[in-house]
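# Observations on the model geometry
Given next are the chains, with one letter for each unit.
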Amino acid sequence: MSLSDKLVPSTHPLLFEELKPFDFDNPPVDPKELADHMIQVMDQHNGIGLSANQLGMNHRVFVMRTEPRLACFNPVITFASEEQEVMEEGCLTFPLLYVKIKRSSWIRAKFYDVNGELQTEKFTGITARCFQHELDHLNGIVYLNRASKINLERSKRKLKLL
């Protein structure tokens, strides 16, 4: 299986389209190998999450830096708290660009693991934020779309100063 270690540029078309569900009945790639590869690339780039489309792959899956590492195939948020938090977020696709984003404080989600088994989890804190960020990627949404115009402009100015 030939999988890319390279992150696609921020203008890559796959970053802006909703990805189709991963088919466990007729898998396009071995899900375990795919997840292991994505975790390796995420760790190489020191990320806390990575979606398949960030590597140019049209698979509805992302990985997160949890203990143990977690791969989420065909993820869905089933409940999002009304309570929200604003935090600075970054993204491997947009290096060094940190923007304040408002997201639900905690979520309930379901997804399939590498064995095609349905999992249901509650995520809080940074893990909930990461799940929402990566799910956005699979839906063709980049975090900059969620930023207020003023926060985005402020962050871009900071980046220019660097």
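Refer to the preceding data block for the structure.
Everything numeric in this text was worked out from a predicted model, so none of it was measured. (Residues numbered from 1 in each chain as written. Predicted model: local features only at pLDDT ≥ 70, side-chain atom pairs only at ≥ 80, totals over all residues. Heavy atoms only, no water.)

### A short note on the sheet that holds strand 6 (residues 106-112)
The strand order 1-2-3-6-7 describes an open sheet built from five strands, whose pairing is antiparallel. One side of each edge strand has no neighbouring strand; the edge strands of this open sheet are strand 1 (49-51) and strand 7 (118-124). Neighbour to neighbour, the strand axes of the sheet diverge by 40° on average, direction disregarded. Sheet topology places strand 3 (residues 70-80) next to strand 6; five bridges connect them, and they run antiparallel. Across the sheet, residue Val76 finds its bridge partner in strand 6, namely Lys110. Against the sheet, helix 2 (residues 125-138) engages strand 1, strand 2 (61-64), strand 3, strand 6 and strand 7, with an angle of about 155° to strand 2. (Pairing = 2+ DSSP bridges. Helix = DSSP H or I, 4+ residues; strand = E, 2+ residues; numbered from the N terminus. Axes fitted to C-alpha atoms, helices over the stretch in contact; angles between N-to-C directions. Contact = heavy atoms within 4.5 Å.)

### A closer look at the layout of surface pockets
Within this model, the largest pocket holds a volume of roughly 400 Å³. Looking at the lining of the largest pocket, the elements with two or more residues in it are strand 4 (84-91), strand 5 (94-104) and helix 2. Among the residues making up the lining of the largest pocket, the classes are represented as 10 nonpolar, six polar and four charged. (1 Å grid on protein atoms, 1.4 Å probe; cavity = no way out; pocket = protein on both sides within 12 Å on 5 of 7 lines; lining within 4 Å. Points joined across faces, edges and corners; volume = space filled by probe spheres on them. Nonpolar A, V, L, I, M, F, W, Y, C, P; charged D, E, K, R; others polar.)

### Focus: the pairing of strand 7
Where strand 6 lies against strand 7, seven bridges are found, and the strand directions are antiparallel. Across the sheet, residue Lys110 finds its bridge partner in strand 7, namely Thr120. Hairpin connection from strand 6 to strand 7: five residues lie between these consecutive antiparallel strands, with Gly116 at a positive phi of about 80°.

### Concerning the packing of aromatic side chains
Enumeration according to the criterion identifies 10 aromatic pairs in this entry. When the ring of Phe22 is compared with that of Phe73, the centres are 4.9 Å apart and the planes differ by 65°; the resulting orientation is edge-to-face. Of this pair, Phe22 sits in the segment before helix 1 (31-44) while Phe73 sits in strand 3; the two residues are 51 residues apart in sequence, bridging distant segments of the chain. Residue Phe22 is classed as buried on the basis of its relative accessible area, which comes to 5%. An aromatic cluster is built from Phe22, Phe24, Phe73 and Tyr112, whose rings are joined through pairwise contacts. Its end group placed over the ring of Phe79, Arg108 keeps NZ or CZ at 5.4 Å from the ring centre. A cation over an aromatic ring shows up here: Lys122 above the ring of Trp106, its NZ or CZ 4.4 Å from the ring centre. (Phe/Tyr/Trp six-rings, centres within 6.5 Å; stacked < 30°, edge-to-face > 60°. Buried < 20%, exposed > 50% of the residue type's maximum accessible area, 1.4 Å probe, protein only. Lys NZ or Arg CZ within 6 Å of the ring centre and 35° of its normal.)

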